[in-house]
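Each chain is listed here by its residues.
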Amino acid sequence: MHDFHYAGNELWCEDVPVAEIAGKTGTPFYLYSHRTLLNHYRTFDSAFGAIPHLVCFSVKSNSNIAILRIFAREGGGADIVSGGELYRALKAGVSPKRIVYSGVGKRIDEIEFALGSGILMFNVESSQELEQIDACAGRMRKKAGIAIRINPDVDPMTHPHISTGLKQNKFGIDIESSIREYRRARSLKNVNVIGVDCHIGSQLTDISPFIDALERLKELVRLLRGEGFQIRYLDIGGGLGITYNEEMPPHPEEYAKAIIENARDIDSTFILEPGRVIAGNAGILVSSVLYTKSNNEKNFVIVDAGMNDLIRPSLYSSYHAIQPVRKENREETVADIVGPICESGDFFAKGRLIPKLERGDLIAVMSAGAYGFSMSSNYNARPRAAEVMVKDGKYHVIRRREAYTDLTAKERIPAFLKK
Ligand SMILES: *Cc1c(COP(=O)(O)O)cnc(C)c1O
């Protein structure tokens, strides 16, 4: 559910017409509904009310500090994958005691930053990383809380949508090797083994892989506890899908119910790392039609947002619904909706049946709140779009549009080129 809806022929965000904001801020821009973000967070969090839990929002899905602060004020934590994300989470007011740090390539300076900040735990993804964390913690006279990220190798046959096969990807450590690593971790002086972690994928629309993974994690927790490990946290990652087109993912309450049922026989604090399910449908990308053109094969609608603003269609062939901000009674047509970037891969939709668009029309690329702005770039020297949030009938710019001066602000012409 979300708060973008038509009233008459106009698309609104909560109780503000999208066109009104576009008139003030210009296009392209990302637009978020505060109400949707808060509702999604609260729905997810309260769905787990029956068990001890911590919701750590996945910062990589949307890292704007105003958005992170909404969840921080609800008592939420953060799942980070870099020092930069740690900086953002802290800046947003997330308590370090509620931050978990995942990722296969944590640098020494990033590990030190996290140790110095006093985060809850590192989700360790390799044997060498474990050693590195221990060494850093030793130098800093700190104890690092750790979990090992398990690659539970959830059977791809029964779950073809994640059939990339988990064993062949770079994340985590397989269960058998993880036991070895846990034992080794115990012999290290500067780490505290406190958890078990996994994250099996993204945009999952079926509950069963989550439950399969949880079963494997539980077995591991029992085995470790049998050896005297004090495992307090069971981190089951993120990955719950959303509706972009016709997907029918389980509702967070259904997902939580299934987890809770399978959590009865294990005494642990659950950590959840949702990203997309919270932010995805809470944001849209608003863009203007620059030109239209046709050849005898195709109709093209050229808009002022590009793959540098939203790369998901180009990168993953993802589907995003595209809606006109004003939907007069229009003829329908089939068109490619493309950006201005000099790449054939720069498109938002191909062969899409849409109301006929004209120069100056505004469009909304729906479900763009997660992995939208956070994956944006300056490719083609395009200043990054503004981000705007609506709350209680007002809108707030939460990131100003970049100016041309921002593009070159960090660059230097060396002396030998100045002569
Ligand atoms: C990306 C990621 C998430 C969030 O995934 P969603 O599909 O957005 O819920 C959570 N945990 C880790 C470790 C991730 O890499």
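Conventions adopted
- Residues numbered from 1 in each chain as written.
- Predicted model: local features only at pLDDT ≥ 70, side-chain atom pairs only at ≥ 80, totals over all residues.
- Heavy atoms only, no water.
- Helix = DSSP H or I, 4+ residues; strand = E, 2+ residues; numbered from the N terminus.
- Contact = heavy atoms within 4.5 Å.
- Polar contact = N/O pair within 3.5 Å; in protein donor to acceptor, adjacent residues only side chain to side chain.
- Domains from an automatic or database assignment.
- Buried area = accessible area lost by both parts, 1.4 Å probe.
- Salt bridge = Lys/Arg side-chain N within 4 Å of Asp/Glu carboxyl O.
- Nonpolar A, V, L, I, M, F, W, Y, C, P; charged D, E, K, R; others polar.
- Pairing = 2+ DSSP bridges.
- Phe/Tyr/Trp six-rings, centres within 6.5 Å; stacked < 30°, edge-to-face > 60°.
- Buried < 20%, exposed > 50% of the residue type's maximum accessible area, 1.4 Å probe, protein only.
- Lys NZ or Arg CZ within 6 Å of the ring centre and 35° of its normal.

Things to note about the environment of Ser288
Part 1 of the reasoning: By the secondary structure assignment, Ser288 is in strand β14 (residues 283-294).
Part 2 of the reasoning: Here Ser288 is in contact with Thr27, Ile302, Val303, Asp304, Asp361 and Leu362, once residues within four sequence places are set aside.
Part 3 of the reasoning: A polar contact is formed between the side chain of Ser288 and the side chain of Thr27, at a distance of 2.7 Å.

Thoughts on the domain arrangement of the protein
Part 1 of the reasoning: Here the protein is partitioned into domain 1 (4-32 + 280-408) and domain 2 (103-272).
Part 2 of the reasoning: In this structure, domain 1 and domain 2 have C-alpha centres spaced 36 Å apart.
Part 3 of the reasoning: Surface buried jointly by domain 1 and domain 2 totals about 530 Å² across both partners, of which 49% is contributed by carbon and sulfur atoms.
Part 4 of the reasoning: Three residues stand out in domain 1 for area buried against domain 2, namely Asn281, Tyr319 and Ser367, and they jointly supply 65% of the buried area on that side.
Part 5 of the reasoning: Linking domain 1 with domain 2 are zero salt bridges, by the criterion used here.
Part 6 of the reasoning: Between domain 1 and domain 2 we count zero residue pairs in polar contact (both at pLDDT 80 or more) in total.
Part 7 of the reasoning: When grouped by side-chain class, the residues that make up the side of domain 1 that touches domain 2 number two nonpolar, four polar and one charged.

Remarks on the environment of Ile175
Part 1 of the reasoning: For Ile175, the position within the fold is in helix α7 (residues 175-187).
Part 2 of the reasoning: Between the alpha carbons of Ile175 and Asp153 there is a distance of 8.7 Å; along the sequence they are 22 residues apart.
Part 3 of the reasoning: Among residues more than four places away in sequence, those in contact with Ile175 are Ile150, Asn151, Arg216 and Leu220.

Looking at the pairing of strand β1 (residues 4-7)
Part 1 of the reasoning: Pairing analysis gives four bridges linking β1 to strand β2 (residues 10-13), with the strands arranged antiparallel. Across the sheet, Tyr6 pairs through a bridge with Leu11, a residue of β2.
Part 2 of the reasoning: As consecutive antiparallel partners, β1 and β2 are separated by two residues, and within that stretch Gly8 has a phi angle of approximately 65 degrees, a positive value.

A few points about unusual backbone geometry
Of all residues except glycine, most have a negative phi; of all peptide bonds, most are trans.
Part 1 of the reasoning: Residue Pro28 is bonded to the preceding Thr27 through a cis peptide linkage, with omega at -5 degrees.
Part 2 of the reasoning: In this structure, Pro28 sits in the loop between α1 (18-25) and β4 (29-33).
Part 3 of the reasoning: Even without glycine at this site, Asp153 takes up a positive phi of about 50 degrees.
Part 4 of the reasoning: Its location among the elements puts Asp153 in the loop between β9 (144-151) and β10 (173-174).

Re the packing of aromatic side chains
Part 1 of the reasoning: Counted according to the given criterion, the structure contains ten aromatic pairs.
Part 2 of the reasoning: Both rings, one in Phe44 and one in Tyr255, keep their centres 6.0 Å apart while their planes meet at 40 degrees; by these two values the pair is tilted. Highlighted residues: Phe44 in helix α2 (residues 34-47) and Tyr255 in helix α9 (residues 252-261), separated in sequence by 211 residues.
Part 3 of the reasoning: When its relative accessible area of 3% is taken as the criterion, Phe44 is described as buried.
Part 4 of the reasoning: Site record: aromatic cluster; members linked through ring pairs are Phe44, Phe48, Phe210 and Tyr255.
Part 5 of the reasoning: Taking the ring centre of Tyr101 as reference, the NZ or CZ of Lys106 above it sits at 5.3 Å.

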